[in-house]
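One-letter residues, chain by chain:
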Amino acid sequence: MLIKPNASGFGHPGSSDITPQGIYQGRRELIKLMATGAAGVAVASWAGREALAQSVTKPGKLAALPGAKSAVAGAVTMEKVTDYKDVTTYNNFYEFGTDKSDPAKNAHTLVTKPWTVVIEGLVKQPKTWAFEDLIKLSAQEERIYRMRCVEGWSMVIPWVGYSLAELIKKVEPLGNAKYVEFITQADPKTMPFLGSRVIDWPYVEALRMDEAMHPLTLLTFGMYGEVLPNQNGAPVRLVVPWKYGFKSGKSLVKIRFTDKEPRTAWVKAAASEYGFYSNVNPNVDHPRWSQATERRIGEDGLLAKKRKTLMFNGYEAQVGQMYAGMDLKKFF
Amino acid sequence: MIFRQKLLLHPAAKPVLFAICLLPFAWLVYRVFANQLGANPAETLIRTTGEWTLRFICIVLAVTPLTVISNTPMLLRFRRMLGLFVYFYVVTHLLSYSWFDMGFDVLEIAKDIATRTFILVGFAAFVLLTPLAATSFNTAIRAMGLKRWRLLHQLVYVISGLGLLHFFWMRAGKNDFAEVFMYAAFIALLLVWRLQQFIKKKWLQPFMNARHQLLK
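Because the structure is predicted, anything quoted here is derived from the model rather than measured.

J.: Which parts of the structure should I look at to understand the overall build of chain A?
T.: From N to C terminus, chain A includes ten helices and 13 strands. The buried share of chain A, reckoned over its 332 residues, is 39%. Sequence separation of 24 or more characterises 71% of the internal contacts of chain A that already satisfy a separation of 6 or more.

J.: Sorry if this is basic, but what is going on with the overall build of chain B here?
T.: The secondary structure content of chain B amounts to ten helices and zero strands. Reading chain B from its N end, one meets helices and strands in the order α-α-α-α-α-α-α-α-α-α. Taken over 216 residues, chain B has a buried fraction of 22%.

J.: Where do I start with the interface of chain B and chain A in this structure?
T.: As a measure of interface size, the accessible area lost when the parts come together is often cited. Taken together, the contact between chain B and chain A spans 15 residues of the former and 19 residues of the latter. Split into classes, the residues belonging to the side of chain B that touches chain A amount to six nonpolar, five polar and four charged.

J.: Mind showing me how you'd approach the sheet that holds strand β11 (residues 252–258) of chain A here?
T.: One key point about sheets: their strands pair by backbone hydrogen bonds, in either a parallel or an antiparallel sense. All names here are of chain A. Read across the sheet, five strands follow the order β3-β2-β11-β6-β7 without closing on themselves; strand pairing throughout is mixed. Bordering the open sheet on either side are β3 (127–130) and β7 (204–208), each of which pairs with just one other strand. Across the sheet, the axes of successive neighbouring strands diverge by a mean angle of 20 degrees, strand direction being ignored. Note that strand β2 (residues 116–121) and β3 share four bridges and pair antiparallel. Bridge assignment links I119 to a residue of β3, and that residue is K127.

J.: For this particular structure, what's the right way to read the confidence of the model for chain A?
T.: Taken over all residues, the pLDDT of chain A has a mean of 88, while the share at 70 or more is 83%. Across residues 39–53 of chain A, confidence stays below pLDDT 50; counting only partners more than four residues off in sequence or on other chains, it has 13 contacts.

J.: What exactly am I supposed to notice about the packing of helix α2 (residues 13–33) of chain B against helix α4 (residues 79–101) of chain B here?
T.: To describe two helices that pack against each other, one gives the angle between their axes and the distance between the axes. Residue and element names in this part refer to chain B. In the contact formed by α2 and α4, the axes pass within 11 Å of each other and the chain directions differ by 20 degrees. With respect to each other, α2 and α4 are oriented roughly parallel. Our pair here, α2 against α4, has a crossing hand that is right-handed. Contact with α2, carried on its side by K14, L17, F18, C21 and F25, involves M81, F85 and T92 of α4 and no other residues of that element. Residues that form the contact of α2 with α4 fall into these classes: six nonpolar, one polar and one charged.

J.: Sorry if this is basic, but what is going on with the pairing of strand β5 (residues 153–163) of chain A here?
T.: Along a regular strand, successive side chains alternate from one face of the sheet to the other. All names here are of chain A. Within β5, eleven of the eleven residues are buried, which leaves the element mostly enclosed by the surrounding structure. By the bridge criterion, eight bridges tie strand β4 (residues 141–148) to β5 in an arrangement that is antiparallel. Looking at β5, one finds that R143 is bridged to W159. Remark: four residues form the turn of the hairpin made by β4 and β5, two consecutive strands paired antiparallel; G152 in that turn has positive phi of roughly 100 degrees. Bridging between β5 and strand β12 (residues 293–296) involves two bridges; their strand directions are parallel. For W153, the partnering residue across the bridge sits in β12 and is R295. Judged from the five bridges that link them, β5 and strand β8 (residues 218–223) form a sheet pairing that is antiparallel. What sits directly across from W159, in β8, is M223.

J.: Explanation requested: the environment of K268 of chain A in the structure shown.
T.: All names here are of chain A. Inspection of the secondary structure assignment puts K268 in helix α9 (residues 265–269). Between the C-alpha atom of K268 and that of G175, which follows or precedes it by 93 residues, the distance is 27 Å. Setting aside residues up to four positions removed in sequence, K268 forms contacts with D200 and R263.

J.: Can you walk me through unusual backbone geometry in this structure?
T.: Residues and elements named next belong to chain A. Cis geometry marks the peptide bond from K113 to P114; its omega dihedral reads -5 degrees. Relative to the helices and strands, P114 is located in the loop between α5 (102–106) and β2. Of note in the backbone geometry, S278 takes a positive phi value of approximately 45 degrees without being a glycine. With respect to the helices and strands, the residue S278 is situated in the loop between α9 and β12. Not every positive phi belongs to a glycine, and F312 is a case in point at roughly 50 degrees. Of the residues examined, F312 has 21 C-beta atoms within 10 Å and is grouped as buried.

J.: Whenever I open this one, the packing of α4 of chain B against helix α6 (residues 117–134) of chain B confuses me. Can you help?
T.: Residues and elements named next belong to chain B. Direction vectors running N to C along α4 and α6 enclose 140 degrees, while the axes themselves pass 10 Å from each other. When the interaxial angle is binned, α4 and α6 end up oblique. As for how α4 packs across α6, the hand of that crossing is left-handed. Residues G83, L84, V86, Y87, V90 and L94 of α4 touch α6, and the partners they reach there are F126, L129, L132 and A133. Grouping the constituent residues of the contact of α4 with α6 by class yields nine nonpolar, one polar and no charged.

J.: So what exactly am I meant to see when it comes to the environment of S160 of chain B here?
T.: All names here are of chain B. Within the secondary structure layout, S160 lies in helix α9 (residues 155–172). Residue S160 is classed as buried on the basis of its C-beta count, with 22 C-beta atoms lying within 10 Å. Separated by 103 residues in sequence, S160 and I57 place their C-alpha atoms 6.7 Å apart. Residue contacts for S160: discarding those within four places in its chain leaves I57, L61 and I187.

About the cut-offs
- Residues numbered from 1 in each chain as written.
- Chains lettered and ligands numbered in written order.
- Predicted model: local features only at pLDDT ≥ 70, side-chain atom pairs only at ≥ 80, totals over all residues.
- Helix = DSSP H or I, 4+ residues; strand = E, 2+ residues; numbered from the N terminus.
- Buried ≥ 20, exposed ≤ 12 C-beta atoms within 10 Å, placed from the backbone.
- Contact = placed C-beta atoms within 7 Å.
- Nonpolar A, V, L, I, M, F, W, Y, C, P; charged D, E, K, R; others polar.
- Pairing = 2+ DSSP bridges.
- Axes fitted to C-alpha atoms, helices over the stretch in contact; angles between N-to-C directions.
- pLDDT = per-residue confidence, 0-100.
- Parallel < 35°, antiparallel > 145°, perpendicular 65-115°, else oblique.
- Left-handed = near helix turned anticlockwise from the far one by under 90°.

Quick look at the structure:
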């Protein structure tokens, strides 16, 4: 018998914890029934709350980029969306300064037109994509994800984009492609802090192929129904909601398919503190930040207690199986 | 010279300096109520009070060299007050952390001090500062005797080292050392000056005296 202790970092729900398909589908039928008026207008509005609660208001700052409601499991959280102002003034984007207020002040120099993304490495269809073609590759969807930073804070952000898997399928990776590497823009003319040696530029991130193919992994072009602001990684970035924020590279210029695990920027900078996987995990502390709790930006006021961090940032049901049997303390 | 002397000995000099030293704190309190602390107010409060602690350590260490170099002994009148402001800012720093980060959960704080080395180092610096703050009035000096009092207050060198290490390890997580090196360089400069004074007094002075004797 194969015993998987909880210490291996992966506890399955017992079969008794899982709601049988018939029952939860029954619940949906009931809600539908209520929403269509059978149970009265008052109850219908309660049932419709799900749809109403997450109507994201456009800030009206940049060009509109609407996204259809996503059908991907876990793609739309019901939590309160963080203020656009906080999401655009509190950023880690070291190419524009190491203080979190720096990118909002400095990123206006980034030139996002023209923009190309090179696809290279172990693929059948290597190609330099013009941004205009890349954005049209698949239908834009709105995904409301939690974003958990390794520093112990979190946000809820309505992104607009499509599953990276759509692009990967299009470029046809070869059988020996095991990892996908994301190389971000490093232009000393438009990025004032490339002179600092905080990071070995360009900033590089990577995922295992199955992680890259996961439908939640989003190739992102916008947020809050508009195109990305520069400080948030315009014109195209990655968003991997179950990993710490730094895994989601900004302003991508190259996507490379490889057979070896790439050396990512933070692993190169401090391998003992940042692992390749960097899945959100309340049980594995970073030496400088406890990962057990987090502060939700704009919501948890000065005096509020911090909230508990969830395994895989709350996406365990969707992504947990990819790490079955792995020692997540070792592969942190 | 006379003007400078008058200014420093003026009865209002100390209260004015006191008020100036409180300005960073007042500005922070204003930002709390004006909602100007940014997206993460707790982080801003904790970091800013920590930075001001380090700055006041730099200021207080600069008093002696400044006194000697500028030949203005009256400056020493302010040293103890400046030292107490180091303690004031470290207490606000510790309180901000305990309150806004830890919700005054004593058990959590103890666990945090034990598990995170950079918190331990910062806490050790605070603990060492406490006897210094507690003995910064005249009765304490008289009770201890100047020699022992001075010896105790030499702890400030250990404390500034621990403070720097605390800041260094905090920033090490982000590989971002520019500011750490700035503070370290400034404090190192002040220590080198002291070392040089020490060498002059202990080794060169006897040598000079001996030579003087020989030539006589």
